[in-house]
Amino acid sequence: MVRLLLFGPLMAWLAACNVAGPGFRGAPVHLVTSGPHRFALRQAGPEVEAIRLDPAWMPDPARVATHAALVVSRRTGCGVEWVRGDAALLRMGLDCPARLPPAPPHPPPVVDCEVLDADPSDVGGLRYGLSLDCAAVAGAVSAFSKNTLEALAR
């Protein structure tokens, strides 16, 4: 019970975090709302970072990306060429007149893992021991394309 009282507020504070990611630190923050979602937007050149601030429970990532892309388009006056991320943090490339859109970042690999062995031995006061067999999932990416966003916006 004491741990809950001590760590509960800390966990709540960390869950509401909207710290800028790499490349966006120091950029001014613009708080915007689209539908049920609130975002903190930061722009660094032709890229925008959108951090979802609302407490929606397990929102649909495609819907969140659509709302974020719409507010970024309105805010910047540019189209959104690509979106990468999840329901909490999105990174977008702007398609502005008179400049080429940035290349999308390489998505992290998607892996599928099987637990081979779990050893509950005590090592230095911590429980360790997990053997995994992981393989990359071919063709799986965590990304939304411009066409997906346009289709969802209809």
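This write-up is about the structure you can find in this document.

Calculation notes
- Residues numbered from 1 in each chain as written.
- Predicted model: local features only at pLDDT ≥ 70, side-chain atom pairs only at ≥ 80, totals over all residues.
- Heavy atoms only, no water.
- Helix = DSSP H or I, 4+ residues; strand = E, 2+ residues; numbered from the N terminus.
- Buried < 20%, exposed > 50% of the residue type's maximum accessible area, 1.4 Å probe, protein only.
- Contact = heavy atoms within 4.5 Å.
- Core = buried A, V, L, I, M, F, W, Y, C linked by side-chain atoms within 4.5 Å.
- Disulfide = S-S within 2.5 Å.

Brief notes about the overall build of the protein chain
Counting secondary structure elements, the protein chain contains three helices and ten strands. Helices and strands appear in the protein chain in the N-to-C order α-β-β-β-α-β-β-β-β-β-β-β-α. Counting all 154 residues of the protein chain, 27% fall into the buried class. Pairs at least 24 residues apart make up 45% of the contacts formed inside the protein chain by residues separated by at least 6 positions.

A word on the environment of Val 64
By secondary structure assignment, the location of Val 64 is in helix H2 (residues 61-76). For the pair formed by Val 64 and Asp 86, sequence separation is 22 residues and the distance between their alpha carbons is 8.3 Å. In this view, Val 64 contacts His 37, Phe 39, Arg 52, Pro 59, Ala 87 and Leu 90; residues no more than four positions away in its chain are not counted.

So, the nonpolar core
Of all hydrophobic cores here, the largest spans 19 residues; its most connected members are Phe 39, Leu 41, Ala 50, Val 72, Leu 90 and Met 92. Of all elements in the fold, only strand E2 (37-44), strand E3 (47-52), H2, strand E4 (79-85) and strand E5 (89-95) reach the threshold of two or more residues within this core. For this core, the element with the highest residue contribution is H2, accounting for six residues. Not counting chain neighbours up to four residues away, the residues in contact with Val 72 comprise Leu 41, Val 48, Gly 77, Val 80, Met 92 and Leu 94.

Some words on the state of the cysteines
Tallied over the entire structure, the rule returns one disulfide. Note that Cys 78 is cross-linked by a disulfide to Cys 96, the S-S spacing being 1.9 Å. As the torsion about the S-S bond is roughly 105 degrees, the Cys 78-Cys 96 disulfide counts as right-handed. Residue Cys 78 is found in the loop between H2 and E4, and its partner Cys 96 is found in the loop between E5 and strand E6 (111-118); the two are separated by 18 residues along the sequence.

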